[in-house]
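# Chains, contacts and geometry: an overview
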Amino acid sequence: MIKGTFWINNAQDGRTSIGIEDYDVEMFDGIDYEMIYTLDAENLRKFAGKLAETHQGPLEQMIREEFGSHLDRQSISLWMEERGIRYEFFSWLS
C-alpha cells in the first residue's frame, strides 16, 4: 500500500473538507481508497479550537501533529465524535 498525504479544501460555501487517498490497498485487493471528512463553518471552528487546546500553528500543522500526515495515528472520526464535532463522511474505492 502507498499511503497518501492528507489534503484540505475550503469550499466557497464555507464548508471545509479534509481528505486522504491511499493507493494499492491490500485489504481491497489492490485498489485505491479515498476518505473525505467535510465540516461546516461552525464545526470547523470547534475542530480547530479543540486541536488548539494541545497544538499550535495553522490547521494543517495541528492536524498533522494530532492525526499524522496519513491520518493514521488515530481515528479522526472517533476523535470528532468524542468532542461533539459534526461532520459528513464520504469514501470510495477506485
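The structure we're discussing is the one just above.
A short tour of the structure in this document, coming up.

Rules behind the numbers
Residues numbered from 1 in each chain as written. Predicted model: local features only at pLDDT ≥ 70, side-chain atom pairs only at ≥ 80, totals over all residues. Heavy atoms only, no water. Helix = DSSP H or I, 4+ residues; strand = E, 2+ residues; numbered from the N terminus. Buried < 20%, exposed > 50% of the residue type's maximum accessible area, 1.4 Å probe, protein only. Contact = heavy atoms within 4.5 Å. Phe/Tyr/Trp six-rings, centres within 6.5 Å; stacked < 30°, edge-to-face > 60°. Expected span 1.5 Å × (residues − 1). Arc of directions from axis to C-beta. Core = buried A, V, L, I, M, F, W, Y, C linked by side-chain atoms within 4.5 Å.

### Notes on the overall build of the chain
- Across its full length, the chain carries three helices and four strands.
- Taken from the N to the C terminus, the helices and strands of the chain come in the order β-β-β-α-α-α-β.
- In the chain, buried positions account for 34% of the 94 residues.
- The contacts of the chain with a sequence gap of at least 6 include a subset with a gap of at least 24, amounting to 47%.

### Some words on unusual backbone geometry
- Backbone geometry at Leu71 places phi at a positive 55 degrees, although glycine is not the residue there.
- Topologically, Leu71 is positioned in the loop between helix H2 (59-67) and helix H3 (76-82).
- By relative accessible area, Leu71 is classed as buried at 9%.

### Considerations on the packing of aromatic side chains
- Inspection of the entire model under this criterion finds five aromatic pairs.
- Plain terms: the ring middles of Phe67 and Trp79 are 5.4 Å apart, the flat faces sit at 85 degrees to each other, and that makes the pair edge-to-face. Here Phe67, found in helix H2, pairs with Trp79, found in helix H3; they are twelve residues apart in sequence, far enough to count as distant.
- By relative accessible area, which is 4% here, Trp79 ends up buried.
- Pairwise contacts between aromatic rings join Tyr37, Tyr87 and Phe89 into one cluster.

### A look at helix H1 (residues 41-52)
- Given a rise of 1.5 Å per residue, twelve residues ought to cover 16 Å, and the 16 Å separating the end C-alpha atoms of H1 matches this to within 8%.
- Buried within H1 we find Asn43, Leu44, Phe47 and Leu51. Projected down its long axis, H1 carries its buried residues within an arc of 105 degrees, all on one side.

### Points about the nonpolar core
- By size, the foremost hydrophobic cluster in this structure holds 17 residues, and its most contacted members are Phe47, Ile63, Phe67 and Met80.
- Among the elements of the structure, strand E2 (16-25), strand E3 (31-39), H1, H2 and H3 are those that each provide at least two residues to this core.
- Not counting the four nearest positions on each side in its chain, Ile63 is found in contact with Phe6, Ile8, Ile18, Phe47, Leu51, Gly68 and Leu71.

Purely geometric stuff here, so don't read any function into it on its own.
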